[in-house]
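In case you want the letters, here they are:
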Number of protein chains: 6
Amino acid sequence: MNYKTAVIRKEHFNAAHRLHNSHWSIEKNQEVFGKCNNPNYHGHNYELEVKVIGFINKDTGYVIDTKILSDLIKTEILDRFDHKNLNLDVLEFKRLNPTAEHIAVVIYNILRAHLSEELELKIKLYETSRNFVEYPIY
Amino acid sequence: MNYKTAVIRKEHFNAAHRLHNSHWSIEKNQEVFGKCNNPNYHGHNYELEVKVIGFINKDTGYVIDTKILSDLIKTEILDRFDHKNLNLDVLEFKRLNPTAEHIAVVIYNILRAHLSEELELKIKLYETSRNFVEYPIY
Amino acid sequence: MNYKTAVIRKEHFNAAHRLHNSHWSIEKNQEVFGKCNNPNYHGHNYELEVKVIGFINKDTGYVIDTKILSDLIKTEILDRFDHKNLNLDVLEFKRLNPTAEHIAVVIYNILRAHLSEELELKIKLYETSRNFVEYPIY
Amino acid sequence: MNYKTAVIRKEHFNAAHRLHNSHWSIEKNQEVFGKCNNPNYHGHNYELEVKVIGFINKDTGYVIDTKILSDLIKTEILDRFDHKNLNLDVLEFKRLNPTAEHIAVVIYNILRAHLSEELELKIKLYETSRNFVEYPIY
Amino acid sequence: MNYKTAVIRKEHFNAAHRLHNSHWSIEKNQEVFGKCNNPNYHGHNYELEVKVIGFINKDTGYVIDTKILSDLIKTEILDRFDHKNLNLDVLEFKRLNPTAEHIAVVIYNILRAHLSEELELKIKLYETSRNFVEYPIY
Amino acid sequence: MNYKTAVIRKEHFNAAHRLHNSHWSIEKNQEVFGKCNNPNYHGHNYELEVKVIGFINKDTGYVIDTKILSDLIKTEILDRFDHKNLNLDVLEFKRLNPTAEHIAVVIYNILRAHLSEELELKIKLYETSRNFVEYPIY
């Protein structure tokens, strides 16, 4: 069979972060970001779903080996984000506000560079079980 | 960054309802809707996912502030649907059969009127953990 | 082996109910039960965990066959509670307020009568994913 | 109302399987499929989501009666896949490697033949809570 | 009825923390706490289950009104722990290492002081979906 | 602080198995175990919760380091059970019927031998999300 199929691998990481716009006053930051602006940080258990879309390989029956996908996520994302302070420890957020939206875009850009062009990529990121984002849109 | 992204907020409400078509006989209603036609009603814990799609705002890093989205859902949906009898207490279902499909469409129409035009809206509604609907289709 | 072990079977039912004390005034009921007192009822997806404790049977390796336990729950509980209005359709709640606590005790008493004396029984009942009860206490 | 809506029914089945390409050597199979190649099989609790897309019927308020959909899944899929060895007991996998991707495509093809042409069909299959596939792509 | 029953209310909070023993060297802290010792903190979505055990009140059918219990948890725990840095913002952890075990004991002690003596109290705290603690033991 | 506390670590493994009593006839096995008796095996995603009870260590704030507990479970249980056929590949089930009850007792006995005597141990094993066992009883 030769059908276009999506494979999703779910991973998780724990991190501290703080929402903040350095071009704004303390008051404006407090007004817009509320308790997410706590200067001492707060944190989340992020659940990450990485969706890879492509044709099923006739020899393996795989779109992509989930072991290979899991290892890629571990090396490129978890080793850099897990048990970290996103604002202080992760280069990409030195100047970029680590909202769930921005984290999803950053993860997309990192992983995109490691996947072959025939494969489509989509990211779903849960900040809590009630707040989550998708990029690019499904 | 200026990327199209989806933000999803999950809320829930509890309600009683009954499936019934007033143009049909008792027997026909019983045949089609089975135990969902119980004249004394039954009920569900509805889980509601509201997806808003748009561009990330460069100043906030948000497509939409989930606090604002959550407040909107509370005011427009939960305050009117939660701990209610959908057939008796909610205007929209006086003549409309409160199937999961119809509830999703009604919620879409209510929320659509409160969101700016640049934002796309999608509703996912779980009636039980094994039965759920999406409108408009994803 | 001959070890005391617990077996848990999870089932679910959907029902409408209303919290109400008929010896109280309308105002008192409203004050104590709030929106749970809605005269038109509201409803829930109840998740029910039935725990049976006993010795493992040497021939089967079972404390109790979960198929038999599931059938018992179906016949004695689900057929009487599922897609029902607990206040109007279920005899036990004609005079007993159908709080989660009372529903758990009623289910315990019904199932207790159908299990052999060597088996211990415990009920866990989820009214929502955030409110649940256990009887007898674990 | 006459709106295009998706209805999803979730079911599950338990099965043993083994990933294997009979055209490859033992070493090559071991290298590509690792512990999934165990000649004695391993197994999973598969969670299956069947999504049916169509217009809401004005008389019923349904896209499709989930009871009818559930019965169809039971007859065509669960009765043939549940508590089975996919490689040995299920005709479709006599020569087709039972990866999650292939299982999803096989389920799609079986159910597609039983649904009217106006209805669109999509399959989501969880092999574990961290590995799942979608066909056709969402 | 007058039966001893347990009522559980589930709440959640997000917080940053760092595991650290100030009497130990940097090396010893790193060796014991590993990446949980990150000086810039990391964080979690803590899920908190508060179990209250007592007799069912004959008038209300409640052991305790979950609305009252939820408000108590909000005032005494969530307002002080949610979106905070446990090490820096919460008095009790100025000198106490904020492991899940210690957080559970601290929450127990705070809530215990606000519940009447006839009620028994038990805390279950999820640091992640795979790591959780109970105090006192169930 | 010096309080008795429980720490739970959740892990999972996938395996094939078959319920069978070799002292019984084919018919008797079929009658008692039904589709679980399939001679070609079926399988499950087993979710395993290992609960360790003890006093909190004053220096670490831990009852037991969950990293150490997780490594122990991996070495002693997952490496021997994951992606295996319990009946054919796991010594303990050569003559012992691999029901959930028996698997829990076997896991308890293996892990018990690796934990110091001051620590109490309890096993919870999910065969499916609706069938699970606890040993020793909670």
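Below you will find a few notes about this structure. Given the structure is predicted, the values throughout are model-derived calculations rather than measurements.

Conventions used here
- Residues numbered from 1 in each chain as written.
- Chains lettered and ligands numbered in written order.
- Predicted model: local features only at pLDDT ≥ 70, side-chain atom pairs only at ≥ 80, totals over all residues.
- Heavy atoms only, no water.
- Axes fitted to C-alpha atoms, helices over the stretch in contact; angles between N-to-C directions.
- Helix = DSSP H or I, 4+ residues; strand = E, 2+ residues; numbered from the N terminus.
- Parallel < 35°, antiparallel > 145°, perpendicular 65-115°, else oblique.
- Left-handed = near helix turned anticlockwise from the far one by under 90°.
- Contact = heavy atoms within 4.5 Å.
- Nonpolar A, V, L, I, M, F, W, Y, C, P; charged D, E, K, R; others polar.
- 1 Å grid on protein atoms, 1.4 Å probe; cavity = no way out; pocket = protein on both sides within 12 Å on 5 of 7 lines; lining within 4 Å.
- Points joined across faces, edges and corners; volume = space filled by probe spheres on them.
- Buried area = accessible area lost by both parts, 1.4 Å probe.
- Salt bridge = Lys/Arg side-chain N within 4 Å of Asp/Glu carboxyl O.
- Buried < 20%, exposed > 50% of the residue type's maximum accessible area, 1.4 Å probe, protein only.
- Pairing = 2+ DSSP bridges.
- Phe/Tyr/Trp six-rings, centres within 6.5 Å; stacked < 30°, edge-to-face > 60°.
- Polar contact = N/O pair within 3.5 Å; in protein donor to acceptor, adjacent residues only side chain to side chain.
- Least-squares fit on C-alpha atoms with pLDDT ≥ 70 in both.

Attention now moves to the packing of helix α2 (residues 66-81) of chain F against helix α4 (residues 100-112) of chain F. Residue and element names in this part refer to chain F. Interaxial distance between α2 and α4 falls to 10 Å at its minimum, and their mutual angle equals 140°. Looking at the two axes, α2 sits oblique to α4. Seen along the crossing, α2 lies across α4 with a hand that is right-handed. Contacts between α2 and α4 pair Leu72, Ile73, Glu76, Ile77, Arg80 and Phe81 from the former with Ile103, Val106, Ile107, Ile110 and Leu111 from the latter. In the contact of α2 with α4, the residues fall into nine nonpolar, no polar and two charged.

Attention now moves to the arrangement of the chains. You won't find any contact between chain B and chain E; their C-alpha atoms come no closer than 14 Å. At their nearest point, the C-alpha atoms of chain D and chain E are still 12 Å apart, with no contact between the two.

Here we take up empty space enclosed by the protein. Following the criterion strictly, the structure yields one cavity of 30 Å³ or more and no others. As a volume, the largest cavity reaches approximately 210 Å³. Lining the largest cavity are 21 residues, with Lys124(C), Tyr138(C), Lys124(E), Lys124(F) and Tyr138(F) sitting closest to its centre. Of all the secondary structure elements, the ones that give two or more residues to the lining of the largest cavity are β2 (42-55) and β5 (131-135) of chain C, β2 (42-55) and β5 (131-135) of chain E together with β2 (42-55) and β5 (131-135) of chain F. Grouping the constituent residues of the lining of the largest cavity by class yields nine nonpolar, no polar and twelve charged.

Attention shifts here to the interface of chain A and chain E. Contacts between the two partners involve 20 residues from chain A, matched on the other side by 20 residues from chain E. Summed over both partners, the interface of chain A with chain E buries about 1,700 Å², with 47% contributed by carbon and sulfur atoms. Viewed at the interface, chain E and chain A are joined by two salt bridges. Here Lys35(E) ties to Asp82(A) by a salt bridge, and the two come within 2.8 Å at their closest N and O atoms.

Now for the pairing of strand β2 (residues 42-55) of chain A. Residues and elements named next belong to chain A. Counting buried positions along β2 gives 13 out of 14 residues, so the element sits mostly inside the fold. Where strand β1 (residues 4-17) lies against β2, 14 bridges are found, and the strand directions are antiparallel. Across the sheet, the residue bridging to Ala15 is His44, located in β2. Where β2 meets strand β4 (residues 120-126), seven bridges bridge the pair, whose relative direction is antiparallel. Residue Glu49 lies in a different strand from β4, and its bridge partner there is Lys124.

What follows is about the packing of aromatic side chains. Under the definition given, this model contains 48 aromatic pairs over all chains. With 5.7 Å between their ring centres and 25° between their planes, Trp24(C) and Phe33(C) make a pair best called stacked. Each of the two residues, Trp24(C) as well as Phe33(C), counts as buried. A ring pair is formed by Tyr62(C) and Phe33(F), whose centres lie 5.7 Å apart and whose planes are at 75°; its orientation type is edge-to-face. You can see Tyr62(C) sitting in the loop between β2 and α2 (66-81) and its partner Phe33(F) sitting in helix α1 (residues 26-33), one on each of two chains. Among the residues examined, Tyr62(C) registers a relative accessible area of 12% and is labelled buried. Judged by relative accessible area, which is 3%, Phe33(F) ranks as buried.

For an interface, size is often stated in terms of accessible area lost upon the parts coming together. Contact residues are listed per partner, giving 20 residues for chain D and 20 residues for chain F. When the buried area of chain D at its contact with chain F is split by residue, Asn40(D), Asn45(D) and His83(D) rank highest and sum to 34% of it. Applying the counting criterion to the chain D and chain F interface returns 19 residue pairs in polar contact (both at pLDDT 80 or more). Put simply, the parts of the chain that give the side of chain D that touches chain F at least two residues each are β1 (4-17), β2 (42-55), β3 (84-85) and α3 (86-89) of chain D.

Residue and element names in this part refer to chain C. Take Asn29: it is sitting in helix α1 (residues 26-33). A residue is classified by how much of its surface remains accessible, and Asn29, at 0% relative accessible area, is buried. If near-sequence neighbours (up to four positions away) are discounted, Asn29 is found in contact with His20, Asn21, Trp24, Gly34 and Asn37.

Let's shift gears to the relation of the copies chain D and chain F. For the pair chain D and chain F, the superposition axis carries a translation of 0.0 Å, the fit reaches an RMSD of 0.0 Å, and the rotation angle comes to 180°. The relationship between the two copies is best expressed as a two-fold rotation axis. Take the interface residues of chain D: 100% of them recur as interface residues in chain F, which is what a same-surface contact looks like.

It is worth stressing that arrangement in space is one thing and function is another; only the former is reported here.
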